Amino acid sequence: MPPISDSRKRILVTGGAGFLGSHLIDRLLDQGHEVICVDNLFSSTKRNIDHLHANPRFEFMRHDVCFPLYVEVDEIYNLACPASPIHYQHDPIQTLKTSVHGAINMLGLAKRLKCPILQASTSEVYGDPVIHPQTEDYWGNVNPIGPRSCYDEGKRAAETLFFDYHRQHALPVKVARIFNTYGPRMHRQDGRVVSNFIVQALLGQPITIYGDGSQTRSFCYVDDLLDGLMRLMVSPPDVTGPINIGNTREYTILQLAEMIVEITGSRSEIVRLPIPQDDPRQRQPDITKAREVLGWEPTVPAQQGLERTVVYFREFLGAEIAAA
Ligand code: NAD
Ligand code: UDP
């Protein structure tokens, strides 16, 4: 199908009501595109997209990507999948179905439309990595039967499907391996470390470090991440990925907790809880490929990104903070 116009495209974003999806839609609408947001609201609420309903170029469809979808679009961003351990472990079979059946359905749609499709894959495909930092040619160290497997193996199977559709049907695919990303509109109760610590700090609750806090993550601010994803989508057809998108600055979880206590001016104490099974020890992307192929690298330092996220949660929690 030819694009609706040279510049204006109709773009499908699955998982569009979620944290990353809703920001992506803001950006695509700002560029003048039409956007269809498909989401079953499994791990989000309509609040993230409330501000968009008045826009005539925006359309919301409540739909589960495990079922076929018939729409006419020029590009597909496939983001549908619960992303936080609490959400993806809540119904692990549904998580795996979302990754696998969802990928099959969205790839089938892209095949009919002959349109580019981008997969939001994850650093979790590297599991608990023994190569550090992680390069795209590392095959990973993933437990296939643990509590994280529904997510990790689901995303790995989705990558397999993307590359099989590419080889078998010459489908233009784009696979981004996203590393821990944070920012405004994270779900306050999804259990991810940045939102957990900020909410705990603002409400004066204990800050819960799992294990001794020496495990590391590299945190990317949402705006940087979206720049990377959008560059990947418009890259030449031979650029399929997989390509790491993330911030290379690595922090221990204890360092993160201390930064957030300082930024919020909180009096919360830091407490230690047992480390969850299969929690990766360290994680840092090698983004040489993204630099070379996409001309992309993150620009927002953690201090700045965390300050912006704290501003969001202060407003979101409002009266709760005053009452705490
Ligand atoms: P999120 O949970 O906020 O958003 C995911 C969205 O997908 C939610 O709105 C949810 O309701 C929707 N969804 C889930 N199952 C669905 C289904 N079967 N059908 C339709 N919609 C469904 O998470 P996020 O952080 O915005 O993540 C978006 C994507 O990016 C996910 O695929 C995630 O795996 C990937 N990713 C995110 C990160 C990160 O740090 N945020 C890191 C790596 C990968
Ligand atoms: N974590 C923590 N306290 C929390 C939430 C998470 O110490 O309240 C740790 C968690 O054990 C992991 C890291 O923070 O080592 C990142 O966790 P998150 O769930 O955000 O992402 P993922 O493990 O999927 O990278």
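Residues numbered from 1 in each chain as written. Chains lettered and ligands numbered in written order. Predicted model: local features only at pLDDT ≥ 70, side-chain atom pairs only at ≥ 80, totals over all residues. Heavy atoms only, no water.

A. Local environment of the packing of helix H7 (residues 253-264) against helix H9 (residues 302-317). Contact geometry for H7 and H9: axes closest at 10 Å, N-to-C directions at 60°. Our classification of the angle between H7 and H9 gives oblique. Helix-helix and strand crossings are classified by hand; for H7 and H9 the assignment is right-handed. For the pair H7 and H9, the contacting residues are Leu-256, Met-259, Ile-260, Ile-263 and Thr-264 in the first and Ala-302, Gln-303, Leu-306, Glu-307, Val-310 and Arg-314 in the second. Of the residues assigned to the contact of H7 with H9, the class counts are seven nonpolar, two polar and two charged. (Axes fitted to C-alpha atoms, helices over the stretch in contact; angles between N-to-C directions. Helix = DSSP H or I, 4+ residues; strand = E, 2+ residues; numbered from the N terminus. Parallel < 35°, antiparallel > 145°, perpendicular 65-115°, else oblique. Left-handed = near helix turned anticlockwise from the far one by under 90°. Contact = heavy atoms within 4.5 Å. Nonpolar A, V, L, I, M, F, W, Y, C, P; charged D, E, K, R; others polar.)

B. Here's a closer look at the site of ligand 1. Looking at ligand 1, there are 30 residues lining it, with Asp-39, Ser-43, Ser-44, Tyr-151 and Lys-155 nearest. At a separation of 2.8 Å, an oxygen atom of ligand 1 approaches a polar backbone atom of Thr-181. Isolated, ligand 1 exposes 820 Å² of accessible area, and the fraction of that covered by the protein chains is 97%. Broken down by secondary-structure element, the contributors of at least two residues to the shell around ligand 1 are helix H1 (19-30), helix H3 (92-113), strand S5 (117-122) and helix H4 (149-169). Residue classes in the shell around ligand 1 are distributed as 14 nonpolar, twelve polar and four charged. (Near = heavy atom within 4 Å. Polar contact = N/O pair within 3.5 Å; in protein donor to acceptor, adjacent residues only side chain to side chain. Areas by Shrake-Rupley, 256 points an atom, 1.4 Å probe, with all protein chains shown as cover.)

C. Spotlight on the packing of H1 against helix H6 (residues 222-233). The geometry of H1 relative to H6 is characterised by a closest axis approach of 10 Å and an angle of 65° between their N-to-C directions. Classed by the angle they form, the pair H1 and H6 counts as roughly perpendicular. Crossing angle aside, the handedness with which H1 passes H6 is right-handed. Note on element contacts: H6 touches H1 through Val-222, Asp-223, Leu-225, Leu-226, Asp-227 and Met-230, opposite Phe-19, Leu-20, His-23, Leu-24, Arg-27 and Leu-28. For the contact of H1 with H6, the residue count by class is eight nonpolar, one polar and three charged.

D. Highlighting the site of ligand 2. Taken together, 18 residues form the shell around ligand 2, and within it Val-193, Thr-208, Arg-217, Asp-279 and Arg-283 come nearest. Contacts to ligand 2 include Asn-180, whose side-chain N or O atom sits 2.9 Å from an oxygen atom. One nitrogen or oxygen atom from the side chain of Asp-279 is found 2.6 Å from an oxygen atom belonging to ligand 2. Contact with the protein chains covers 95% of the free accessible surface of ligand 2, which is 510 Å². Every element with two or more residues in the shell around ligand 2 is listed here: helix H5 (193-202) and strand S8 (207-210).

E. Quick look at the packing of aromatic side chains. Considering all chains together, one arrives at eight aromatic pairs under this definition. Ring centres of Tyr-88 and Tyr-151 lie 4.3 Å apart, and the angle between their planes is 5°; this geometry places the pair in the stacked category. Placement of Tyr-88 in helix H2 (residues 85-90) and of Tyr-151 in helix H4 is noted, with a sequence separation of 63 residues between them. Judged by relative accessible area, which is 7%, Tyr-151 ranks as buried. Ring centres of Tyr-182 and Phe-219 lie 6.5 Å apart, and the angle between their planes is 80°; this geometry places the pair in the edge-to-face category. Of the two residues, Tyr-182 is situated in strand S7 (residues 181-182) and Phe-219 in the loop between strand S9 (216-218) and strand S10 (220-221); the sequence distance between them amounts to 37 residues. Each member of the pair, Tyr-182 as well as Phe-219, is classed as buried. These aromatic residues form a ring-pair network of at least three members: Tyr-126, Tyr-138 and Phe-179. The aromatic ring of Tyr-251 is capped on one face by Arg-249, whose charged end is 4.3 Å from the ring centroid. (Phe/Tyr/Trp six-rings, centres within 6.5 Å; stacked < 30°, edge-to-face > 60°. Buried < 20%, exposed > 50% of the residue type's maximum accessible area, 1.4 Å probe, protein only. Lys NZ or Arg CZ within 6 Å of the ring centre and 35° of its normal.)

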